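Descriptive structure summary
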Amino acid sequence: MASFEQHMHPKPTTFISKYIISYDHKVIGKQFLWYGILGLGIGGMMALLIRWTLAFPGEAFPILGHFLFPETNGVVPPDVYAMLFTMHGTIMIFYAITPILIGAFGNFCIPLMIGARDMVFPTLNMLSFHFAVLSFVLLLAGLFTPLGAAAGGWTSYPTLSTLVGSPGIGQTLWTLAIFVLGVSSTMGAINYITTIIVLRAPGMGYFDMPLTVWGLWLTAILNAIFLPVLGAGCLLLIFDRTFGTQFFLAGAAATNGVGDPVLFQHVFWIFGHPEVYILILPAWGMVSDFLSFFARKPAFGAKATALAMTSITILSTLVYGHHMFTTQMSPLLTQSFMTLTMTISIPSAIFFANWLGTIWKGSIRFTSPMLFSLGVVFVFGLGGLTGLYLGTVTTDIYLHDTYFVVGHFHYTMAASVLLGGFAAIYFWMPKMFGVMMNETWAKIHFWGTMLGLNIVFFGMMLVGYAGMHRRLYNPFVYEFLEKTIPINTWITWGALIMGASQIIFVISFIYAVFFEKEKAGDNPWEVGTLEWTIPSPAPHYNFDKIPVVKCGPHELGNPSLTGDRDFQYQTEELVQA
Amino acid sequence: MSNEFTADTLNGTIKEQYVSNISMIVTLVSFTMLFATMFLGYALYRLTSETWPPMGMESVSLGLPILSTVIIALSSISFCMYERSYAKSDAQSSWLWATSAFGTLFLVSQLMLWSSLQASGLYASSGIFGSIIYAFTWVHSAHILMGLGALAWLGLRIKRKKAILMTVKNVGKFWHFLGIVWLIMFITIFAI
Ligand SMILES: [Cu+2]
């Protein structure tokens, strides 16, 4: 495969060429990591404001409240509440999880794990980050416009998002920001797909790639296909808002010649359901690898896991209708979408069983990446199972737009993806920054996060089942929801625990990156994938000599191994009995 | 983009073509999905409407769209000629100039289309019919601008002797793609 040399840029020397306009995939990965952590912080603060309002309606938000909302004596006003849940969702999905899992670890891991010196298009890679920054600036600018930021929910359904529902410029900026981010992610996706196809080290077949790379690759494919769909929807929405076209204005085309708001929902979810898998696939891949690495066993059915992920990728393109059961869809369609949705359970069950098979009878090392990976197994199980109730028409009609939905997608997206992201940060920290993060604090971070998130998201499903609607400013004006105030208060305490645990993480992370003196070893976790064959942190252009791959990524605990190692590097010939 | 490689060995050149080819296919898939989504929306509006154009609006007269079609076809043909001459390592840059000139003319014909539509009282805000005609032509013209940029970039690369046949072919693929999109637009929006 790799029969040619990549062009090398000289090692950068100035601050700007090193950290701002860098062609180096490792630096771009770090840029995305900081960007994502910033997004997590902003989105998290918004979540706390939302939770405060739901637990203590009409009470001033402590400390910051009087500064942020002087007109209402520190109470979050209703219009701001709508902006908060809109921006919280948007930021967490597109500006926190996406940059951490796909931007940071996609960039960092792909070349290192396939034995390449860099991405195939470094310039495109750099541009992709700069577009992402531009997009975040556009989005946040909305907060400072006269009528405030977008407030139509992260799904931005018309007519909430047309000029009728949101007259302010904030919604236009939101739409533009998502479009620009789509361009950025599509550039990244083109780069990832091509890199994985052409730059795998000699000897590395597709099934010799770590499952992390599989996850990132499938994600990139979905991104390249479906982000333009959302892009088209955003373009039409921008036209509606600024040039007076009437695509999403309510009304029937035949009788009064104007558009159809439900069309946006179709376009949004044709993109939106694959987006769920865009977010989760990298985490799945990483967790599949980590479980094997820390159970000191080969990944159980690694090939089947890769194929199951592939079939989920394909199936995920055919099920979007399950988000729209309540839009007067024909029963024939709802039944078909329901059946297709249920079909996804089959490959999901296969790789879930493979995860359990991997840790079964393993000699498990409970390191921080392993704890977080086991956390993913647990929360993803819960999130996946509750999805069945929403994919079933009969139950969905009751649960639609309640907090049950919120709890479900936070279990799958917030909990699973975030825990997967943390596992990745702890795991690749030595290769990224050359230091280890403190294990004790990592474990406190894990248990705090795990406790907090389960209180929050399980509580959400409970109040949702009781009928609490997801976007009400003060649901307790309804008598039947008054009784949920105590649970809502509990949820908020859970959110505070979760938030406090993230402060531990941020301090520990910043300490490790800037102040930690003790250098990490080249292979502290004792695993055999290619990135661990080179020094920590990974040097300029990674590999002195392009490695030749001779075995798979999960060769651990082979009984025929002699010597003091229980694993072998991918560059070593497989030991036979 | 393929400049990130030094292609000094035969192997290297083959590989480089392979790289630019794969990435171009992925890029075109992305662009196809963008336009496909818009066509999907159009199909839905059209199928759910009893009459088309709706609301007793008048169809657009075909003169200018036909002119645009002829111009864009000529530009595609001239690029084919350029590609052929390049492959025979006898690159005739006049064909490249012709492609760009026809591309620019196409944009002019679109401007004329917009002003004639406005003169006849059809605006972007005139219901879904106007919205569709304007939005499709806007988005397509924006891509033609990008295509012209790609042609200029290609010209520069060839001048600096940095292009390979695959670079020429890839720019061609993008240019022909825009021609095909226009043809589908012409048939579905203007002709029927
Ligand atoms: Cu879905």
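Here, every reference points to the structure presented above.
Since we're looking at a predicted model, the values are computed, not measured.

1. Focus: the overall build of chain B
The secondary structure content of chain B amounts to five helices and zero strands. Taken from N to C terminus, the helices and strands of chain B fall in the order α-α-α-α-α. Residue pairs in contact within chain B that sit at least 24 positions apart in sequence constitute 77% of those at least 6 positions apart. Accessible area of chain B: about 9000 Å², with a carbon and sulfur share of 69%. Side-chain charges of chain B comprise 11 positive and 7 negative groups, with the mean position of each set lying 9 Å from the other.

2. So, the coordination of the copper ion
All names here are of chain A. Ligation of the copper ion by protein atoms is provided by H273 (ND1), H322 (NE2) and H323 (NE2), these donors lying 1.7 to 2.0 Å from the ion. In primary sequence terms, the donor set of the copper ion follows H-x48-H-H. Here H273, found in helix α9 (residues 261-295), pairs with H323, found in the loop between α10 (302-315) and α11 (331-343); they are 50 residues apart in sequence, far enough to count as distant.

3. Some details on the packing of aromatic side chains
All names here are of chain A. Inspection of every chain in the model, using the stated rule, returns 69 aromatic pairs over all chains. Ring centres of Y426 and F505 lie 6.1 Å apart, and the angle between their planes is 75°; this geometry places the pair in the edge-to-face category. One end of the pair, Y426, is in helix α15 (residues 403-433); the other, F505, is in helix α18 (residues 485-515), with 79 residues separating them in the sequence. The residues Y426 and F505 share a single accessibility class, namely buried. Within the aromatic cluster, the residues linked to one another by ring pairs are W34, F372, F422, Y426, F433, F446, W447, F505, F509, Y511, F514 and F515. Over the ring of F433 we find K30; its NZ or CZ atom is 5.1 Å from the centre of that ring. Between R200 and the ring centre of Y206, over which it is positioned, the NZ or CZ distance is 3.8 Å.

4. What about the environment of L34 of chain B?
With respect to the element layout, L34 of chain B can be found in helix α1 (residues 10-48). Given a relative accessible area of 8%, L34 of chain B falls into the buried group. Through-space distance from the C-alpha of L34 of chain B to that of A150 of chain B is 19 Å; in sequence the pair is 116 residues apart. Apart from residues no more than four positions distant in its own chain, L34 of chain B is found in contact with P228, G231 and A232 of chain A together with V139 and H143 of chain B.

5. Let's talk about a nonpolar patch on the surface
Residues and elements named next belong to chain B. On the surface, a cluster of nonpolar side chains totalling about 550 Å² of accessible area is made up of L62, I66, V70, L74, I77, M81 and W95. Among the elements that make up the nonpolar patch, the one with the highest residue count is helix α2 (residues 63-87) (five residues). By secondary structure assignment, the location of W95 is in helix α3 (residues 93-119). With a relative accessible area of 31%, W95 lands in the partly exposed category.

6. Digging into the side chain of T386 of chain A
Residues and elements named next belong to chain A. Locating T386 in the fold gives a position in helix α13 (residues 368-391). The buried category is assigned to T386, whose relative accessible area is 9%. From its side chain, T386 meets the backbone oxygen of G383 in a polar contact 2.9 Å long.

The rules behind each value
Residues numbered from 1 in each chain as written. Chains lettered and ligands numbered in written order. Predicted model: local features only at pLDDT ≥ 70, side-chain atom pairs only at ≥ 80, totals over all residues. Heavy atoms only, no water. Helix = DSSP H or I, 4+ residues; strand = E, 2+ residues; numbered from the N terminus. Contact = heavy atoms within 4.5 Å. Areas by Shrake-Rupley, 256 points an atom, 1.4 Å probe, with all protein chains shown as cover. Lys, Arg positive; Asp, Glu negative; His and termini not counted. Charge placed at Lys NZ, Arg CZ, Asp CG, Glu CD. Donors = N, O, S within 2.8 Å, 3.2 Å for Na, K, Ca; no water. Phe/Tyr/Trp six-rings, centres within 6.5 Å; stacked < 30°, edge-to-face > 60°. Buried < 20%, exposed > 50% of the residue type's maximum accessible area, 1.4 Å probe, protein only. Lys NZ or Arg CZ within 6 Å of the ring centre and 35° of its normal. Patch = residues over 30% accessible without salt bridge, like charges linked within 9 Å, V, L, I, M, F, W, Y side chains within 5 Å. Salt bridge = Lys/Arg side-chain N within 4 Å of Asp/Glu carboxyl O. Polar contact = N/O pair within 3.5 Å; in protein donor to acceptor, adjacent residues only side chain to side chain.

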